[in-house]
Amino acid sequence: MSDDADSPDDADDPAADDGRRHGRVQRHPTPGPLNSLQYWTDAKPVWRVALNYVLVWIARIAPSLRVRNWALRRLGVTVGRGVSWGLEATPDVFWPELITLGDHVVVGYDSVILCHEFLQDEYRTGEVVVGDRAMIGAKAVILPGVRIGAGAQVAANSLVTRDVPPNATVAGVPARPMGESESADDEADSDEHENGDERGTDGSDE
């Protein structure tokens, strides 16, 4: 599974070409004086969101990676081979079908992938694509319309507001590319954690 190919709509969109997500986000105006969240039942059926909520709960707390991936697929998430979805990680509850996870993606503990934004006069939806072997650190937040390239790394506690190029490492709020020395230190820390995990796993299935 690869996210290298651009959609036809992106070809003529300067915002999409320079890594900004807004060119890919769809805007949905809402009527009346209230903020858009007040009209959420017009955007999605109540039964669908209720079912999504149960499946999100399973994806967050199930001890087995296999069960978590099953719940993600039932939500409509496109899940590649060997995806590792961390405990307490949360997919979008309203539009999880807009998430694509490439092969061997790692989504860290308590991270969030959002595909919607409820604003005052409108709500917005956008697809999130995570490329093969990309890694999202613990407690990171990915906003709608973002694409994370193959082999990219998102540091823990980052807020990703624009695309991440393949094999790049980003960190911060908002997330920005890290320097070479910072990336090397980050990779060393990652290796240490992986070695530690090998010595003490939680018994999750693949």
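None of these values were measured; they are calculated from a predicted model.

Engineer: Please clarify how the sheet that holds strand E8 (residues 116-118) should be interpreted in this entry.
Structural biologist: Strand pairs in the sheet, formed through backbone hydrogen bonds, run parallel or antiparallel to each other. Pairing is antiparallel across the open sheet formed by three strands, whose spatial order is E1-E9-E8. The two strands at the open ends of the sheet, each matched to only one other strand, are strand E1 (26-29) and E8. For this sheet, the mean angle separating the axes of adjacent strands, direction not counted, is 15°. Where E8 and strand E9 (residues 122-125) come together, three bridges link them in antiparallel fashion. Residue Glu117 lies in a different strand from E9, and its bridge partner there is Arg124.

Engineer: Is there a simple way to explain the side chain of Ser158 in this structure?
Structural biologist: For Ser158, the position within the fold is in the loop between strand E14 (153-154) and strand E15 (159-160). Accessibility expressed as a relative area gives 1% for Ser158, which makes it buried. Among residues more than four places away in sequence, those in contact with Ser158 are Lys139, Ala140, Val141, Val170, Ala171, Gly172 and Ala175.

Engineer: In this structure, what is going on with the confidence of the model for the chain? I would like to understand it.
Structural biologist: Detailed reading of predicted coordinates is not advised where the pLDDT is low. With 78% of its residues at a pLDDT of 70 or more, the chain shows a mean pLDDT of 85. Below pLDDT 50 for its whole length, residues 2-16 participates in 20 contacts with residues either more than four positions away or in separate chains. Across residues 193-206 the pLDDT falls below 50, and counting only partners more than four positions away or on other chains, this stretch makes 10 contacts in the model.

Engineer: I keep staring at the sheet that holds strand E13 (residues 147-148) and nothing clicks. Help me out?
Structural biologist: As summarised here, the arrangement of the four strands in space is E2-E5-E10-E13, forming an open sheet in which the pairing is parallel. If you trace the sheet from one side to the other, it starts and ends with strand E2 (78-79) and E13, each paired once. Where strand E5 (residues 99-101) lies against strand E10 (residues 128-130), three bridges are found, and the strand directions are parallel. Opposite Leu101, over in E10, you have Val130 as the bridge partner.

Engineer: How should the packing of aromatic side chains be read in this particular structure?
Structural biologist: Centre distance and the angle of the planes are the two values used to describe a pair of aromatic rings. Summed over the entire model, instances satisfying the criterion amount to six aromatic pairs. Judged by centre distance (5.7 Å) and plane angle (75°), the ring pair of Trp40 and Phe94 falls under edge-to-face. Pair noted here: Trp40 is in helix H3 (residues 40-43) and Phe94 is in the loop between strand E4 (90-91) and E5, with a separation of 54 residues, a long-range link. A relative accessible area of 25% means that Trp40 is categorised as partly exposed. Relative to Tyr123, the ring of Phe118 lies with its centre 5.7 Å away and its plane at 45°, an arrangement referred to as tilted. One aromatic cluster in this structure is built from Trp40, Phe94, Trp95, Phe118 and Tyr123.

Engineer: What am I meant to see in the nonpolar core here?
Structural biologist: In a soluble, globular protein the nonpolar side chains are often hidden away together inside. Leu101 and Ile148 are the most contacted members of the largest nonpolar core, which has 36 residues in total. Looking at this core, the elements that each hand over two or more residues are helix H4 (46-61), helix H5 (65-75), E5 and E10. With four residues, H4 is the largest single contributor of residues to this core.

Engineer: Sorry if this is basic, but what is going on with the side chain of Thr30 here?
Structural biologist: Along the chain, the position of Thr30 falls in the loop between E1 and H3. The class of Thr30 is buried, set by a relative accessible area of 15%. Ignoring sequence-local partners within four residues, the contact set of Thr30 consists of Ser36, Tyr39, Gln120, Asp121, Glu122 and Tyr123.

Thresholds, definitions, all that
- Residues numbered from 1 in each chain as written.
- Predicted model: local features only at pLDDT ≥ 70, side-chain atom pairs only at ≥ 80, totals over all residues.
- Heavy atoms only, no water.
- Pairing = 2+ DSSP bridges.
- Helix = DSSP H or I, 4+ residues; strand = E, 2+ residues; numbered from the N terminus.
- Axes fitted to C-alpha atoms, helices over the stretch in contact; angles between N-to-C directions.
- Buried < 20%, exposed > 50% of the residue type's maximum accessible area, 1.4 Å probe, protein only.
- Contact = heavy atoms within 4.5 Å.
- pLDDT = per-residue confidence, 0-100.
- Phe/Tyr/Trp six-rings, centres within 6.5 Å; stacked < 30°, edge-to-face > 60°.
- Core = buried A, V, L, I, M, F, W, Y, C linked by side-chain atoms within 4.5 Å.

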